[in-house]
Amino acid sequence: MEIMQLVGLGLVAAVLAVTIRHNKPELAMLLSVATGIMIFLAVLGKIGAVIDVLKELSERASLNMVYLGTLLKIVGIAYIADFGAQICRDAGEGAIGAKIEFAAKILVLVLAVPIVAAVLQSLLKLVP
Amino acid sequence: MEIVRNLVLNLIVIAVLAVFLEMLLPAGDMRRYVKMVMGLLIVIAVLQAAGNLIRGGWQLDMPVPAQTGPSPGAPGLPDIMAGGRRLAADTQAQALEQYRQGLALQIAALAGMNGRLTVREVEVDLYGDKNDKKFGQIRQVQLLFDAAPAAAEQKNPLVGPVKVEVGKNAGAGGNAVSGRAQPPPEVEQAARRAAANVANFYNLSPEQVKFEFRTAAAGG
């Protein structure tokens, strides 16, 4: 039961963080970051299987793998930015968290530019 | 049909992929942005498939109608197709014949505009080979005039010119002999001009329009 281990890890880390936050808030923040990284590494192997399924689906749909790669990158950017922004908010730096999310949005839009161009190209091809 | 089936399959797979990816999305504010990109991807996939369909690929992909088993009394597919080809050929031949007759009437009217000539018959020969690039064009026009001037016929239209050749078998028909005749020079000149007019009118070379004179035959 992997989920029990992960939930246990999270609860222990949460109790520890609450305990030390009054005296050592910087250590509490580092503890939450470390816990988040550990949980992420624990499920990293499972994400590989999910991505393999997504690739197979996109091949069956005759979807260009470049687009799927772009989409996965965007999902990764969203997760990392969300993770970082939450840590910043936990540390009481909501403004920095907002900036991280802003940067992530810009990066997502930059990655989406080739897809927008492909949509336009497909539309133009339809015009005789 | 196959391409439509593939299109539907692709759309189903893309929808499943989108739902699967949506579950992976983070819960925060970034979700809307990632969903927008996913929507664009789906639009691309649908446009690509629809583009192939619109460009006519589905027509090439359509199989020849298959008949799994001949129903009793019904002709087979090859017979139906052969009948269709025969029908098309017959219709085309009829159209060509009507066109030829119409041309003959036009040419007869055009050649008969000269009052000195009486047009007895016009034969129009067309290119009839479908594979020929000149299909339907005029190959040759044969004009047949009366040897006698039209004015003379108007004076006595019931009696044609009689040509008596002594010592030759006149045949059972009596005294009228049909055949080549030598018209008066002015009539021949008028026929030459009429042939040139026809050639000019139908953009033909002078060699393609021929004429000759016949004496009036008995009973005809």
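Residues numbered from 1 in each chain as written. Chains lettered and ligands numbered in written order. Predicted model: local features only at pLDDT ≥ 70, side-chain atom pairs only at ≥ 80, totals over all residues.

In the nomenclature of an unreviewed UniProt entry, chain B corresponds to Stage III sporulation protein AF from the organism Desulfotomaculum copahuensis.

Looking at an unreviewed UniProt entry, one finds chain A named Stage III sporulation protein AD and attributed to Desulfotomaculum copahuensis.

Now for the overall build of chain B. For chain B, the count of helices and strands is six helices and three strands. Scanning chain B from its N terminus toward the C terminus, one meets helices and strands in the order α-α-α-α-β-β-α-α-β. Counting across all 220 residues of chain B, residues that qualify as buried make up 16%. (Helix = DSSP H or I, 4+ residues; strand = E, 2+ residues; numbered from the N terminus. Buried ≥ 20, exposed ≤ 12 C-beta atoms within 10 Å, placed from the backbone.)

Residue and element names in this part refer to chain B. The strand order across the open sheet formed by three strands is 1-2-3, and the pairing between neighbours is mixed. Pairing within the sheet leaves two strands with one partner each, and these edge strands are strand 1 (119-126) and strand 3 (209-214). For this sheet, the mean angle separating the axes of adjacent strands, direction not counted, is 15°. By the bridge criterion, six bridges tie strand 2 (residues 138-146) to strand 3 in an arrangement that is parallel. Its bridge partner lying in strand 3, Phe145 is registered against Phe213. Strands strand 1 and strand 2 of the sheet are contacted by helix 4 (residues 77-111), whose axis makes an angle of about 140° with strand 1. In the packing of helix 6 (residues 185-201) onto the sheet, contacts are made with strand 2 and strand 3, and the angle to strand 3 comes to roughly 150°. (Pairing = 2+ DSSP bridges. Axes fitted to C-alpha atoms, helices over the stretch in contact; angles between N-to-C directions. Contact = placed C-beta atoms within 7 Å.)

The next thing to look at is helix 2 (residues 25-60) of chain A. Residue and element names in this part refer to chain A. Its 36 residues place the ends of helix 2 50 Å apart at the C-alpha level, agreeing with the 52 Å of an ideal helix rising 1.5 Å per residue. For helix 2, the complete set of buried residues consists of Ala28, Ser32 and Ser58. Just beyond helix 2, the residue with positive phi is Ser62, at close to 55°. (Expected span 1.5 Å × (residues − 1).)

Moving on to the UniProt feature "transmembrane region" (unreviewed entry) in chain A. All names here are of chain A. The sites that carry the UniProt feature "transmembrane region" (unreviewed entry) are, in the present numbering, residues 27-51, 63-82 and 102-124. Between the end C-alpha atoms of residues 63-82 there is a gap of 28 Å, over a span that is 90% helix and 0% strand. For residues 102-124, the end-to-end C-alpha separation is 32 Å, with 100% helix and 0% strand making up the annotated structure. (UniProt positions renumbered as here; feature names shortened; annotations may be inferred.)

With 28 residues of chain A at the contact, the number on the chain B side is 26 residues. For the side of chain A that touches chain B, the elements supplying multiple residues, two or more each, are helix 2, helix 3 (65-90) and helix 4 (94-126) of chain A. Tallying contributions element by element places helix 4 of chain A first for the side of chain A that touches chain B, with 13 residues. In terms of residue class, the side of chain A that touches chain B is made up of 20 nonpolar, three polar and five charged. (Nonpolar A, V, L, I, M, F, W, Y, C, P; charged D, E, K, R; others polar.)

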